[in-house]
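Residues per chain, in single letters:
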Amino acid sequence: MAYFPILSFITMLPILGMIIVLCLPGKQEKLIKGFSAVITGIQVILAGIILHSYNYSLPGVFHQNSFQFIEKFRWIEIAGLSSSIGTIKIDYFLGIDGLSAPMVLLTALISFIATLSSFTITKSVKGYFALFLLLDAGMMGVFVSLDFFLFYIFWELMLLPMYFLIGIWGGPRKEYAAIKFFIYTLFGSVFMLLVMIGLYFSCTELMANGTRVFTFNMISLMDPNNYTATGILSPLNPGNLRFIAYIALFIGFAIKIPMFPFHTWLPDAHVEAPTAISVILAGVLLKMGTYGIIRISFPIFPEITRQLAWYIGLFGMINIIYGALCALAQKDFKKMIAYSSVSHMGYVMLGMASLTSVGMSGAIFQMFNHGTITAMLFLAVGVIYDRAHTRGLDDFGGLALQMPVYTGFVIVAFFAAIGLPSMSGFISEAFVFLGGFSNNSLRIITIISTLGILLGAGYMLWAMQRVYLGRLNEKWNTLPDMSMTEYAMFIPLTIIIFVLGIYPSFMLDIMNTSVNSLVEFMTKIPSNISAIGKF
Amino acid sequence: MTEALLLNISLAILLLPLLGFVTLIFFGRKIPGSHWLETGIMLLCLLLSVYTGFGKLAYYVGQNLIMEGRWIQFWNVPVLGQIQMDLGIKLDNLTVIMLFVVTLISFLVHLFSVAYMKGDARYTRYFAYLGVFTFSMLGIVLTHNILMMYIFWELVGLSSYLLIGFWFEKKSASDASKKAFLVNRVGDTGMFIGIMILFTHYHTFTFDAIFAQIASGNLPFHSGAWLTAAGLLIFMGAVGKSAQFPLHVWLPDAMEGPTPVSALIHAATMVAAGVYLVARIFVMLTADAMLTIAIVGMVTSFIAATIALTQNDIKKVLAYSTVSQLGYMIMAMGVGAYNYAFFHLVTHAFFKACLFLGSGSVIHSMHHEQDIRNMGGLRKKMPITYYSFLISTLAISGIPFTSGFLSKDGILAGTLAFGSLTGHWLIPAVAFLVALMTAFYMFRLVILTFHGEPRDRHKYDHAHESPFVMAMPLALLATLSLFFWYGANPINPGTGWFLNKWVQTPHTVVPQAQRFDFMKTETTETEVEGNNKAVAGHKVAEAEYITHSEHYMHAMHQAHYPAMILSLFVGGIGIFFSFMMYHWKKIDPDKIAGSIKPLYNLSLNKWYIDEIYDATFIRGTMLLSKFLATFDNKVVDGIVNGTATVTRFISRASGIFDNVVVDGFVNFTAYLSGLIGIFFRKFQTGKVQTYIVMVVFSALILLFIFRPFF
Amino acid sequence: MVQVGLNQFLIVSTILFSLGIFGIVTRRNAVMVLMGIELVLNSANINFVAFAKFGNFGLSGQIVALFVIILAAAEAAIALAIVLNIYKTFATVNVDEIDKLKE
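Not measured: the values here are computed from a predicted model.

Rules behind the numbers
Residues numbered from 1 in each chain as written. Chains lettered and ligands numbered in written order. Predicted model: local features only at pLDDT ≥ 70, side-chain atom pairs only at ≥ 80, totals over all residues. Helix = DSSP H or I, 4+ residues; strand = E, 2+ residues; numbered from the N terminus. Buried ≥ 20, exposed ≤ 12 C-beta atoms within 10 Å, placed from the backbone. Contact = placed C-beta atoms within 7 Å. Rg over C-alpha atoms; globule rule 2.2 N^0.38 Å. Axes fitted to C-alpha atoms, helices over the stretch in contact; angles between N-to-C directions. Parallel < 35°, antiparallel > 145°, perpendicular 65-115°, else oblique. Nonpolar A, V, L, I, M, F, W, Y, C, P; charged D, E, K, R; others polar. Pairing = 2+ DSSP bridges. pLDDT = per-residue confidence, 0-100. Core = buried A, V, L, I, M, F, W, Y, C linked by C-beta atoms within 7 Å. Left-handed = near helix turned anticlockwise from the far one by under 90°. Expected span 1.5 Å × (residues − 1). Bend = angle between axes of the 7 residues up to and from the residue.

### Regarding the overall build of chain B
Counting its secondary structure elements, chain B contains 27 helices and two strands. With the C-alpha coordinates aligned to their principal axes, the bounding extent of chain B is approximately 150 × 70 × 60 Å. Considering chain B as a whole, with its 710 residues, one finds that 54% of them fall into the buried category. Contacts spanning at least 24 positions in sequence make up 81% of the contacts within chain B whose residues lie at least 6 apart.

What follows is the structure, given as structure tokens:
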């Protein structure tokens, strides 16, 4: 198994699937759907295999050799362009550690469930699934690539299919939402690209033949010893622009999270996107922002992260409270959940900002849990939207009488989102708060943030009451309860939510070593960083 | 009877109801008579907890039994090393008594519900919910660390939510369940902040480990103020769950749930969990925290008692009486009468469960009539219900030979002693006033419901005594409201085995400076010894109970008889006036109400607290959320869209510029070339002669120009 | 008494050249134009001979003049043939009407 390129396989499999889907006749809708489900199903199995042979004791993060399932090849090499640029070299470098392993698992799982949820698609099925599989490959690639350039390619690769999936299969304002999503994300990508190039020209890597060449390798970028004395983003250069670069890069990622005030693309995209795409969007895409911060911003700019941690926490708090209050006022079910996502991603930011093991574990765990829980919430909306073709919170009432099994699953999802103990959301939120509170400077912010769990219960229970409780609205007395496909989507998520709520160590043990070494790396300013945060 | 056996049995007691819940949720409809399955499980739990209680109290009375296992572990955490979160069970005397109380009442309520809920559409679902409630409640009782306490704390909140909203078709029920959950969440949030303080400093959640640290002088963030804050914040959880002012508003509304649920959750067990929590953290409460707790309890008991005076819904009266009695217990904890507070918790659980089930019996036979103004004379129709209700009423009013007399008397003595030692005389004064009001409104309830002439003849004619499964729990609970279960002496509880052997005030771990004077130990020797023991590990037996200073014991002893006499006196007055007004009708209650109209309205409208909250917090939050949503839509998104608009405007402008200026220049150049072409075309006549003329002239011109070179 | 020098020769050749040009430009008849061209050529011949006599070029001027005379004869022969062809094509030898170049 050691030599089997499993990460390439798990990433490229959907692209292969896409090519095959494109070759299939468009009339064979069932075949295409089934085939896509098989592809994503194999991905889940591969993720399971990865998890099974994962070594819990290797930290990764900034030790190149302790990453797992490494694949590293020279991809692009252009020698001797000019003396100032030297050799251009880009690696095809994949590998995972405790920070990315949960995300790989989440991506595989959510993609599979979203595929099942896509079975209700009727409009040009072939195109849909081809784009969907491309999207899947892009997301997976982001989480497994360790070369910044490769990371950026996958980051952009994911953007295009998403644009079409919202823009073609979306709701009434799909064009607006799609273009807003696209431009917003591209806006962030530009910053990222600039910082990436700046880092490239500031950091060198030792080659086998003893020469040093510029590099996009993230692991090399984390080591201050690799920087040149004059690089624009080099910590050794007294006039460096690392502070500005950090903020630019952060904005690039913050748009994806989405962080206040860059969050407004999210409600529109969610409301217009088809259910499966909302699931992908909330389940995986948002995590790419926070993952990028943990994987790139934090270890590459540790000294500035420490300087700005308070602000990250502050924005986390704003996200929590602001998102929750906005969710409280929504009348559209999907929009409410979209804002609840804003609120829940705030916890991730707060946990990251704490720079403690408990908080950071909570943040990554929250990323995973938010993926599963919010996916379930969107699926729940999808179920009634498919049947009733409306999402207004006030249009329903008493659905618990008409669809009791469905309501049972909804109760699980709602209470998981509220952070009820015994479900996974509680553990991650509790850890985020515990971590935040142990950081002296974030103490007040953490205390204010706990209001979020109160407001969260408020909007969730209110929505619950309006849609599911009360007298049955006679209009809906013909709605059928869950179908088999829907069971297949809800049951795995429910099991995961409970298992991780009761025995969270399944997930926490995977990340424990990596989180510890990341925190250690972050809290010890490397002694040879000479100029810190020149503005 | 080994420790391991007892612990494993208690684990089984914890998990059996959960098993019942899972079975009923998934297979409830397929199993005929599944409610008997759940009830049977509860009977089994009851028997096991009797066994456990017997084993613990007979063989390990002065010892805590602990079983724990790792739940979550962080290895090699930078700086801190290893952080470990455990799951564990701690069996001490409090635990086994609570185990018995919870399983007994839960079993009786299950039994009662078999008849009461018959014919409900979601009959099995109801029993499943009762199962998950019992599981969570037993979790609170059994846990040995505060995180698990919080987890089960929230889970009882969930089961309470599900059961209050059991008849969710009614808007009032779903409103009440939502309100209960949210109000509880307020308290829980505070509790969680308290937990965060403790965890951040001690990196453990285990009670004993935390207390050992405090005892060794290691205070949270090295300050007594933080210790007070931690205690009070955790107490906020109790404020929510035990419906203390200002978070008491959910409990009366919770009466929307089925009446047996009210008896189990909202009278006997879950609401008492707050008192249990305070008992658990009692040893780390500082003087400031205790005084605050006492005041909160006092205010709660007073407000609730005044409201109960004028309510007409049988369940509302009982609900406010519950709030008032819970305030009593909390107040007792605050004044340091730990053992009496816990004693009252137990006695109250029995007689209040009896009262609620009695009211359920009445409501059942009156076909869901709850207004006491439409009742009356039911004594003859429902004798078992009447007598058990009466005994419980006597107990709550503090009449001798009942359990309530013993526990209440202890609390009153405690407040008196506290008043004499600290000068806070208001607390005992209010306590006695509340005792008076309690006796009055409880007898008002009994008289209006069971005595006199029936006021609704039609409903009265259809009323009937409840079936055996409903009457039996009533009778049993009424018996438990008598004194002899707790001690042989009907007037002095201090000599009974309950307080003498089982429940004793633990030794506080708070530093001397943060204690009340009367809780300071005179000799430091015992403290040092205690510390060493505590440090040695938390399996150490707390054999040596040092309750209070000699000073306090003396004051308590002195307060005993005055308290008893006074309480008898105020109880008697209350009952007397109740009979005067409602039985003999010598005094017209309406006239009194009319003469103090504002006060009467204040009481009838529950001090307008709901309205105040509605106008401030709820409306405020909703307004803020509406404002922010609009802000989000108009301003934040407006900026984004504005940027888009501006960009589009700029692009249009640049488009126009491109079209007009840049392209215009290009076209102009072409036009100009055209013009020039047209001009020069004139010379292109096609006639050789013209060309020659031009050649000649050009040559001449050139010659002229370049003449200097020739 | 005026000495016949280079200037006199040049003046004659200039007059001949000007007459030739004048003929080329003003005559409508193609044959007359050809005659103008002959005049221009001859004025050049005079120049060659004059410069050869007064300059220090040996006999090269005279040789070129002879060469030009031969060329002029050939040119006249070909040109007259062309004119005949033009006359055949356009039925005129009026150069104003033959402006096909313009198109």
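### Focus: the overall build of chain A
Of the regular secondary structure elements, chain A holds 20 helices and four strands. Taken over the C-alpha trace, chain A has a radius of gyration of 23 Å; the compact-globule value for 535 residues is 24 Å, and the two agree within 12%. Principal axes of the C-alpha set define a box for chain A whose edges measure 75 × 60 × 40 Å. Counting all 535 residues of chain A, 61% fall into the buried class. Within chain A, contacts between residues separated by at least 24 positions form 78% of all contacts whose residues are at least 6 apart in sequence.

### Points about the packing of helix 1 (residues 3–27) of chain B against helix 2 (residues 34–59) of chain B
Residue and element names in this part refer to chain B. Interhelical geometry of helix 1 versus helix 2 gives an angle of 170° and a closest axis separation of 9 Å. Judged by the angle between their axes, helix 1 and helix 2 are roughly antiparallel. Across from Leu-6, Ile-9, Ser-10, Ala-12, Ile-13, Leu-16, Pro-17, Gly-20, Thr-23 and Leu-24 in helix 1, the residues of helix 2 making contact are Ser-34, Leu-37, Glu-38, Ile-41, Leu-44, Cys-45, Leu-48, Ser-49, Tyr-51, Thr-52, Gly-55 and Lys-56.

### Description of the interface of chain A and chain B
Facing 40 residues of chain A, the contacting portion of chain B comprises 36 residues. Secondary structure elements with two or more residues in the side of chain A that touches chain B: helix 11 (302–329), helix 13 (357–388), helix 16 (424–438), helix 18 (451–467) and helix 20 (505–523) of chain A. Residue composition of the side of chain A that touches chain B, grouped by class: 24 nonpolar, 14 polar and two charged.

### A few points about the pairing of strand 2 (residues 81–91) of chain B
All names here are of chain B. Of the pairings in the sheet, the one linking strand 1 (residues 65–77) to strand 2 comprises 10 bridges and is antiparallel in character. Residue pairing in the sheet places Arg-70 in a bridge with Asp-86 of strand 2. Here strand 1 hands over to strand 2 after three residues, with Val-79 in that stretch at a positive phi of 70°.

### A word on the confidence of the model for chain A
In the predicted model, chain A carries a mean pLDDT of 87, and the fraction of residues at 70 or more is 96%. Counting interchain partners and residues more than four positions distant, the pLDDT-below-50 stretch residues 530–535 of chain A has 16 contacts.

### As for unusual backbone geometry
In the segment running from Ile257(A) into Pro258(A), the intervening peptide bond is cis, with an omega of -5°. At the junction of Phe260(A) and Pro261(A), the peptide bond is cis and its omega measures out at 0° in the coordinates. Within the secondary structure, Pro261(A) sits in the loop between helix 8 (242–256) and helix 9 (265–272). Even without being a glycine, His203(B) presents a positive backbone phi close to 55°. Within the secondary structure, His203(B) is located in the loop between helix 6 (171–202) and helix 7 (207–215). When the 21 C-beta atoms within 10 Å are taken as the criterion, His203(B) is described as buried. The phi dihedral of Phe401(B) falls on the positive side, at around 75°, and the residue is not glycine. Inspection of the secondary structure assignment puts Phe401(B) in the loop between helix 16 (383–397) and helix 17 (403–422).

### Regarding the nonpolar core
Nonpolar side chains in soluble globular proteins tend to be buried together. Counting 445 residues, the largest nonpolar core has Val104(A), Ala413(A), Val275(B), Val278(B), Met333(B), Ala341(B) and Ala353(B) as the members making the most contacts within it. Ala353(B) has contacts with Ile105(B), Ala263(B), Ala267(B), Ala268(B) and Leu477(B), leaving out every residue within four places of it along the chain. The next biggest cluster of nonpolar side chains, apart from the first, holds eight residues, and it includes Leu16(C), Leu34(C), Leu39(C) and Val40(C).

### Looking at the confidence of the model for chain B
Residues and elements named next belong to chain B. Of the residues in chain B, 95% have a pLDDT of 70 or more, and the chain-wide mean is 85. Note that residues 523–546 has pLDDT below 50 and, in this model, 32 contacts with residues that lie over four places away or in other chains. Model confidence for the complex is summarised by a pTM of 0.85, with the ipTM given as 0.91.

### Some details on the packing of helix 3 (residues 101–117) of chain A against helix 19 (residues 484–502) of chain A
Residues and elements named next belong to chain A. Relative orientation of the contacting elements helix 3 and helix 19 amounts to 160°, with a least axis distance of 9 Å. Relative to helix 19, the element helix 3 lies roughly antiparallel. Our pair here, helix 3 against helix 19, has a crossing hand that is left-handed. Within the contact between the two elements, helix 3 uses Ile-113, Leu-116 and Ser-117 and helix 19 uses Thr-485, Ala-488, Met-489, Pro-492 and Leu-493. Split into classes, the residues belonging to the contact of helix 3 with helix 19 amount to six nonpolar, two polar and no charged.

### Structural notes on helix 11 of chain A
Residue and element names in this part refer to chain A. Its 28 residues place the ends of helix 11 39 Å apart at the C-alpha level, agreeing with the 40 Å of an ideal helix rising 1.5 Å per residue. At Leu-308, helix 11 shows its largest kink, close to 55°. The buried count for helix 11 comes to 20 of 28 residues, which makes it a mostly enclosed element.

### Quick look at the arrangement of the chains
Contact analysis covers two pairs of chains in contact, and the most contacts occur between chains A and B. Taking C-alpha atoms only, the smallest gap left between chain A and chain C, which are not in contact, amounts to 55 Å.

### Examining helix 12 (residues 333–354) of chain A
Residues and elements named next belong to chain A. Taking 1.5 Å of rise per residue, 22 residues should cover 32 Å, and helix 12 covers 32 Å from first to last C-alpha, within 8% of that figure. Counting buried positions along helix 12 yields 22 of 22 residues, so the element is predominantly enclosed. In the stretch just after helix 12, Leu-355 is the one whose phi turns positive, near 55°.

### So, the environment of Ile510(A)
Residue and element names in this part refer to chain A. Relative to the assigned elements, Ile-510 resides in helix 20. The class for Ile-510 is buried, based on 23 C-beta atoms found within 10 Å. In sequence terms Ile-510 and Asp-97 are 413 residues apart; their C-alpha atoms lie 8.5 Å from each other. Contacts of Ile-510, omitting those with residues within four sequence positions, involve Tyr-54, Tyr-56, Gly-98, Ala-101 and Pro-102.

### A closer look at the environment of Lys316(B)
In this structure, Lys316(B) sits in helix 13 (residues 314–334). Residues contacting Lys316(B), with those up to four places away along its chain left out, are Pro252(B), Met255(B) and Gln311(B).

### Points about the environment of Ile90(A)
Residue and element names in this part refer to chain A. Note on placement: Ile-90 falls in strand 2 (residues 88–96). For the pair Ile-90 and Leu-150, spaced 60 residues apart in sequence, the C-alpha to C-alpha distance is 8.1 Å. Excluding its chain neighbours within four sequence positions, the residues that come into contact with Ile-90 are Trp-75, Ile-76, Asp-147, Phe-149 and Phe-216.

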